[in-house]
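Notes for the structure review
Listed here are the chains, written in short residue letters.
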Amino acid sequence: MRGSFAFLSSYRLPPSLYLKRFLRCRTMSTRSYQDAIEHLNSLQTNAAALEAARAAGPRLNPNAISEMIEFLERIEYTCEDLNTLNVIHITGTKGKGSTSAFTDSILRHVRPDWKVGLYTSPHLVAVRERVRINGKSLSEEVFAKYFFEVWDRLQKNGPKTPDFPVMPGYFRYLTLMAFHTFMSERVDATILEVGIGGAGDSTNIVPKPIVTGITSLGLDHTAVLGKTIGAIAWQKGGIYKKGVPALSVTQRNEGMKVLKERAEELQAAYFMEVPSLPGPGPVKLGLAGEHQVQNAALAVQMAHVFLCSMDVSESQPEPLSQLPAPFLAGLEYTRWPGRCQTVLDPNCQHTTWYLDGAHTVESLSCCIQWFVQVGLGLKELQPTRVLIFNCTSGRSGPAFLGAILEKTRELLLRQDREEKAEEFFSHVIFCSNVTYADGHFKGDLTSRALSNADLVNLTTQHELATAWSQLIPQFPSEAIHVLPSIEHAIRIVRGLSNAARVDVLVTGSLHLVGGIIEVAGLASSAL
């Protein structure tokens, strides 16, 4: 289903009215995937509420966990029930999705007889990507089935605590649905990726996971988690549990100190700073980028601890010093679209897409490190390079663009290239995350987090264009494009037909990457 700009103004109706509208659908004999997506989108937080939260400064809902536990009870489960899912709980700022994907692949290769559940966010093209079993997204039919089972239970079992919300928000609902799906499907193992933070996250209601792990920390979601690495580490370390192994990659001193303190405070079984990938030489990874080596190392040790725990062989196993063949296969065959991904355009032979949903200064640096290398962004015959970029208005676009430019300059100098960073891209495109040129969203990609004013005036995109011009005053103004939709951006790229080769780097937002995959027709190659 699509929703136009005109529809966005009516999209701001109070949630209670939405619920009344959607409850009329309950009498339908069959409720489809699109019905589920409509219901789900009604639970999104709108732009005004998000802006108010940012303006209020770092402040988390003190009842977040209590509310989530009550929601779980209303869909007729207890927290203790979730222990049967055998959870590997993963958080971090960078790489938690990739680490989850590595861990999932390792477990499926080591134990092909198991049913392995994977819950991640956000999705790229379809919401059902967030809930996977044995590496495959739920089908539309299965997604709709479990979605409405949760919806109906929440409607049947109202709130018990005064002032607690009647319905969960978007992410909370999907978390509840993932729990229900995995319980119903009787999975043998569950990889659970945190949404934001850790301590107050919707996923953090499993009393006793098998193992917990934290990827690289950085500054992101500072309006909610705090403005220092220490504050963010405190929130992330909230997933550590009594009697459960607590793992982390190597962190900056401030972050590592706080994580160790949190592990001790929460009485974790032990704390492990994971070593580098074991083995005498390089390990072949299914995901590109140097930064993935650290994510793979964490996944390896979490999978190892998990498997030892399930076999009841050792309470504190020594870190793996050599990778067994199934571990190597799991790492090699990991797939995680939209992260340092190269996609040949099936509809336009001279165009190659380079997709990475990096959305922090640190992750953008990793993205450029991956792209500006021989064989990818650097070729013997210089292509026409295009940057398509967007970021949410709450993030610092100018700082992000500055990081892209600075890293590009550093890498060109290091590789003795004569090119200048200021001339590396022939075109830059700043577009909104709206899917189609007529102002419609694909239903799965609908976002109420975008304000009407920002969409109509393209405020964020104009700010990005101004920042780019200030960073590179000599950059041709006609090559800086401010566009209202992803489809408009695709048209610019398709219009570069005179170029022998076109290389397009898409980054800044996973929502943007997903929209590009959808509109450019890359799904058959990318997903």
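Everything numeric in this text was worked out from a predicted model, so none of it was measured. (Residues numbered from 1 in each chain as written. Predicted model: local features only at pLDDT ≥ 70, side-chain atom pairs only at ≥ 80, totals over all residues. Heavy atoms only, no water.)

**So, the pairing of strand β1 (residues 87–91)**
Counting buried residues along β1, five of its five residues qualify, which places the element largely inside the surrounding structure. Every second residue of β1 is oriented toward a common face, with Val 87, His 89 and Thr 91 on one face and Ile 88 and Ile 90 on the other, all of them buried. Bridging between β1 and strand β5 (residues 189–193) involves four bridges; their strand directions are parallel. Across the sheet, the residue bridging to His 89 is Leu 192, located in β5. (Buried < 20%, exposed > 50% of the residue type's maximum accessible area, 1.4 Å probe, protein only. Helix = DSSP H or I, 4+ residues; strand = E, 2+ residues; numbered from the N terminus. Pairing = 2+ DSSP bridges.)

**Comments concerning the sheet that holds strand β13 (residues 480–483)**
As a general point, the strands of a sheet are linked pairwise by backbone hydrogen bonds and lie either parallel or antiparallel. The sheet built from six strands is open, its strands ordered β9-β10-β14-β11-β12-β13 with mixed pairing. Strands at the two margins of the open sheet, each flanked by one partner only, are β9 (341–344) and β13. Averaged over neighbouring strand pairs, the angle between their axes works out to 20° when direction is ignored. Judged from the six bridges that link them, strand β11 (residues 384–389) and strand β14 (residues 502–507) form a sheet pairing that is parallel. The partner of Ile 388 across the bridge, within β14, is Val 506. Of the strands in this sheet, β11, β12 (427–431) and β13 are in contact with helix α18 (residues 459–471), which crosses β13 at around 170°. (Axes fitted to C-alpha atoms, helices over the stretch in contact; angles between N-to-C directions. Contact = heavy atoms within 4.5 Å.)

**A closer look at the packing of helix α19 (residues 486–494) against helix α20 (residues 510–519)**
One can describe the packing of α19 onto α20 by two numbers: an axis separation of 9 Å at closest approach and a directional angle of 65°. The two elements α19 and α20 cross, and the hand of that crossing is right-handed. Where α19 abuts α20, its residues Ile 486, Glu 487 and Ile 490 lie against Leu 512, Gly 515, Ile 516 and Val 519. Within the contact of α19 with α20, the residues separate by chemical class into five nonpolar, one polar and one charged. (Left-handed = near helix turned anticlockwise from the far one by under 90°. Nonpolar A, V, L, I, M, F, W, Y, C, P; charged D, E, K, R; others polar.)

**Observations concerning unusual backbone geometry**
Following Ser 121, the chain continues to Pro 122 via a peptide bond in cis, the omega torsion being -10°. Along the chain, the position of Pro 122 falls in the loop between β2 (116–119) and β3 (131–133). In this model, Asn 134 sits at a positive phi of 55°, which is unusual for a non-glycine residue. Along the chain, the position of Asn 134 falls in the loop between β3 and β4 (136–137). Residue classification places Asn 134 among the partly exposed positions, given a relative accessible area of 34%. Residues other than glycine seldom take positive phi values, yet Asp 163 does so here, at roughly 75°. Mapped onto the fold, Asp 163 is located in the loop between α8 (140–156) and α9 (170–185).

**Some details on the packing of helix α7 (residues 96–110) against helix α14 (residues 325–332)**
Packing of α7 against α14 brings their axes to within 8 Å, and their N-to-C directions diverge by 140°. Overall, the two elements α7 and α14 adopt an arrangement that is oblique. Handedness of the α7/α14 crossing: right-handed. Mapping the contact onto sequence places Phe 102, Ser 105, Ile 106, His 109 and Val 110 in α7 and Pro 326, Phe 327, Ala 329, Gly 330 and Leu 331 in α14. Among the residues forming the contact of α7 with α14, the class breakdown is seven nonpolar, three polar and no charged. (Parallel < 35°, antiparallel > 145°, perpendicular 65-115°, else oblique.)

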